[in-house]
Amino acid sequence: MARTLEKQLREACGREIPVRFRYSDVKGECLTLCHVGVVRRSGNVDREYELKGGAEQFRNPPLLLRAQYFVSAWAEPPEDQALLGAVLRTFLDRPALELEGEDEEDMIAYAGIPEVNLDTVSLEEHRDLAQGFGMPFAPSVAYCVDFRLQSGKVTPIKRVKERVMDFRKIEG
């Protein structure tokens with residue numbers, strides 16, 4: 001999320017807008033991207049069929065998760081609201097978080113492309129989150145990122161290649 005935000009805000013604003021992960025690192029114009037938590041979500045959790053190198057296998061069911069983030073804009077008004085608008089536009093136009101410069105096969109437990117969705121927080125929740133992260137009240141927005149953790153446990157599939165039927169008369 002941070003790489004996507006930095007890249008898109010650089011294009012939208014024409015200058016570097018750093019993304020910080022805690023309020024204590026805020027210096028000048030920037031965004032904070034604070035991780036709120038991870039919860040389990042519903043969805044298809046059937047075991048997965050795979051074909052690797054000609055061998056068939058089942059992978060144990062994935063773990064479906066939703067990570068919650070709180071994004072705040074830090075600048076002089078009204079520039080802070082313009083930054084927040086650029087954040088909203090970024091994930092409206094690019095709801096999927098693509099990997100950049102990383103090989104998907106090297107990503108252990110990664111399955112699929114994470115999706116970013118706007119989340120709703122009430123004024124009280126906004127205040128509580130700001131206090132919890134030790135920062136003043138600022139223009140902010142919440143996002144959820146849906147992703148899947150792939151199980152590392154696989155079971156090989158053994159296919160019957162030939163069946164021999166032997167009929168004999170049993171004396172009795």
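All of the points below concern the structure found in this document. (Residues numbered from 1 in each chain as written. Predicted model: local features only at pLDDT ≥ 70, side-chain atom pairs only at ≥ 80, totals over all residues. Heavy atoms only, no water.)

Things to note about the pairing of strand E3 (residues 48–52)
In the case of a regular strand, side chains alternate between the two sheet surfaces. Pairing geometry for E3 and strand E4 (residues 55–59), over five bridges, is antiparallel. Across the sheet, Glu48 pairs through a bridge with Arg59, a residue of E4. Between E3 and the antiparallel strand that follows it, E4, lie two residues; Gly53 among them carries a positive phi value of about 60 degrees. (Pairing = 2+ DSSP bridges. Helix = DSSP H or I, 4+ residues; strand = E, 2+ residues; numbered from the N terminus.)

Let's talk about the pairing of strand E7 (residues 140–149)
Of all 10 residues making up E7, seven are buried, and the element is well covered by its neighbours. For strand E5 (residues 63–74) and E7, the ladder comprises 10 bridges, and the chain directions are antiparallel. Directly across from Gln68, in E7, lies its bridge partner Cys144. (Buried < 20%, exposed > 50% of the residue type's maximum accessible area, 1.4 Å probe, protein only.)

Side note on helix H1 (residues 2–13)
Here H1 is 12 residues long and its end C-alpha atoms lie 16 Å apart, about the 16 Å a rise of 1.5 Å per residue gives. Buried within H1 we find Ala2, Thr4, Leu5, Gln8 and Leu9. Looking down the long axis of H1, one finds its buried residues gathered within 150 degrees of arc, a one-sided arrangement. Buried residues in H1 make contact with strand E1 (19–20), strand E2 (30–40) and helix H2 (79–93). Gly14 sits one or two positions beyond H1 and adopts a positive phi of about 75 degrees. (Expected span 1.5 Å × (residues − 1). Arc of directions from axis to C-beta. Contact = heavy atoms within 4.5 Å.)

Observations concerning unusual backbone geometry
Here the residue pair Pro77 and Pro78 is connected by a cis peptide bond, since its omega of 0 degrees sits within 30 degrees of zero. Turning to its location among the elements, Pro78 is positioned in the loop between E5 and H2.

Details of H2
Along its 15 residues, H2 runs 21 Å from first to last C-alpha, staying within 8% of the 21 Å computed at 1.5 Å per residue. Where H2 is concerned, the buried positions are Asp80, Leu83, Leu84, Ala86, Val87, Thr90 and Phe91. Across the axial projection of H2, the buried residues extend over an arc of 155 degrees, all falling on one side. In H2, the exposed residues that point more than 90 degrees away from the buried face are Gln81, Arg89 and Leu92.

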